[in-house]
Amino acid sequence: QRNHPQVPRVRERCLGRFALMRNFHVNSSMPRAGSELLQALLGQHPDVYASATSPVLEYVYAAQGNTTLAEVKSQDPLVMRSAFAGFCREGIRGYYETITDKLVVIDKSRGWLEYADLLWAAYPEARIVCMARDPEAIVGSLERIYQANAGHPETRSLPKTAAARRDHWLHP
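Criteria and thresholds
- All residue numbers here refer to positions counted from 1 along the written sequence of the relevant chain.
- Totals for whole chains, interfaces and linings use all residues, but because this is a predicted model, local features are given only for residues with pLDDT of at least 70 and pairs of side-chain atoms are given and counted only at 80 or more.
- Excluding hydrogens and water, the side-chain values take into account all heavy atoms of the structure.
- Strand pairing follows a simple DSSP-based rule, namely that at least 2 bridges must link the two strands.
- Strands are runs of DSSP state E lasting at least 2 residues, helices are runs of H or I lasting at least 4, and numbering of each runs from the N terminus.
- Only Phe, Tyr and Trp rings take part, Trp by its six-membered ring, and two of them pair if their centres are within 6.5 Å. Stacked means planes under 30 degrees apart, edge-to-face means over 60, and tilted covers everything else.
- Working definition: with a 1.4 Å probe on protein chains only, accessible area under 20% of the residue-type maximum means buried, over 50% means exposed, and in between means partly exposed.
- Multiplying 1.5 Å by the residue count of a helix minus one yields the expected span of that helix.
- Within 3.5 Å is the distance limit for a polar contact, defined as a pair of N or O atoms, with the added protein rule that one can donate a hydrogen and the other accept it, and that residues adjacent in sequence qualify only through two side-chain atoms.
- For cavity detection a 1 Å grid was placed over the protein atoms alone, and a set of points counts as a cavity when a 1.4 Å probe fits there but cannot get out; an open set counts as a pocket when protein lies on both sides within 12 Å along at least five of seven lines, with lining residues being those that have an atom within 4 Å of a point.
- Grid points are joined across faces, edges and corners, and a volume is the space filled by probe spheres set on the points.
- Charged residues are taken to be Asp, Glu, Lys and Arg, nonpolar residues to be Ala, Val, Leu, Ile, Met, Phe, Trp, Tyr, Cys and Pro, and polar residues to be all remaining types, Gly included.

Student: Give a description of the sheet that holds strand β1 (residues 23-27) that names residues and reports values.
Tutor: Within the open sheet, the four strands sit side by side as β2-β3-β1-β4. Their pairing is parallel. Two strands close off the open sheet at either side, each with one partner strand: β2 (48-53) and β4 (128-129).

Student: Please set out the packing of aromatic side chains residue by residue, giving values where relevant.
Tutor: A complete count under the given rule lists eight aromatic pairs for this structure. Between Tyr-59 and Tyr-95 the ring centres are 6.0 Å apart and the planes differ by 70°, which places this aromatic pair in the edge-to-face class. You can see Tyr-59 sitting in helix α3 (residues 56-64) and its partner Tyr-95 sitting in helix α5 (residues 77-97), a full 36 residues away along the chain. Given a relative accessible area of 51%, Tyr-59 falls into the exposed group. Residue class for Tyr-95 comes out partly exposed when judged on its relative accessible area of 22%. Taken together through their ring pairs, the aromatic side chains of Phe-24, Tyr-49, Tyr-59, Tyr-95, Tyr-96, Trp-112 and Tyr-123 make up a single cluster.

Student: Outline unusual backbone geometry, supporting the account with residue identities and numerical values.
Tutor: It is generally the case that most residues other than glycine have a negative phi and that most peptide bonds are trans. Notably, Arg-32 is not glycine yet its phi reads approximately 60°, a positive angle. Structurally, Arg-32 can be placed in the loop between β1 and α2 (35-42).

Student: For α5, give the residues involved together with the corresponding values.
Tutor: For α5, built from 21 residues, the straight-helix expectation of 30 Å at 1.5 Å per residue is met to within 8% by its first-to-last C-alpha distance of 30 Å. Where α5 begins, one side-chain oxygen reaches toward the backbone nitrogen of Leu-78, 2.8 Å away; that side chain belongs to Asp-76.

Student: Pulling in residues and values, what's your account of the layout of surface pockets?
Tutor: There is about 340 Å³ of room inside the largest pocket. Lining the largest pocket are 17 residues, with Gln-64, Thr-67, Met-80, Arg-81 and Phe-84 positioned closest to its centre. Secondary structure elements with two or more residues in the lining of the largest pocket: α3, α4 (70-73), α5 and α6 (116-122). Counted as a void, the second largest pocket has a volume near 190 Å³. As for the second largest pocket, its lining consists of Met-30, Pro-31, Arg-32, Ala-33, Gly-34, Ser-35, Glu-36, Lys-108, Arg-110 and Leu-142. Residue classes in the lining of the second largest pocket are distributed as four nonpolar, two polar and four charged.

Student: I'd love a proper account of empty space enclosed by the protein, names of residues and values included.
Tutor: In total, this model carries one cavity of 30 Å³ or more according to the counting rule given. Counted as a void, the largest cavity has a volume near 30 Å³. What lines the largest cavity is simply Val-60, Cys-88, Ile-92, Trp-112, Leu-118, Leu-119, Ala-122 and Tyr-123. Secondary structure elements with two or more residues in the lining of the largest cavity: α5 and α6.

Below you can see the structure in the form of structure tokens.
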């Protein structure tokens with residue numbers, strides 16, 4: 001926080017309006033389906049903060065790993081599920097209150113579909129946007145990216161032929 005002089009100023013500005021966040025939604029779209037464009041368009045609205053792919057769900061996922069601890073298992077499961085949802089709700093709110101004072105937040109992460117129950121436990125009014133695209137078009141897009149970056153170190157683990165890469169992407 002000391003290295004980022006804007007953080008305290010943003011936090012002061014956010015504490016009023018954003019502390020009552022009720023409008024949290026997520027974009028959990030397929031790859032190469034236009035979700036970044038959608039986020040950019042939604043972010044044009046003065047009341048909407050639409051994130052790039054964020055780490056919020058990763059934070060929630062990491063915390064969920066602790067729900068199997070003996071300290072948790074020794075208590076009422078319904079109470080613990082409710083308490084964890086509250087923990088996630090406040091963690092998400094705290095994360096975004098330091099970033100924005102907009103009334104609506106749309107977090108982007110592909111994994112939200114898998115955690116929909118947790119999302120709705122924390123934010124019952126939340127909506128999930130899931131943009132879809134024909135899988136063959138996605139594979140075609142991935143192949144074009146591969147061809148443009150074939151020498152990149154991250155492509156070394158991919159199959160060598162286009163047909164093998166297609167099968168890899170369609171059936172990971």
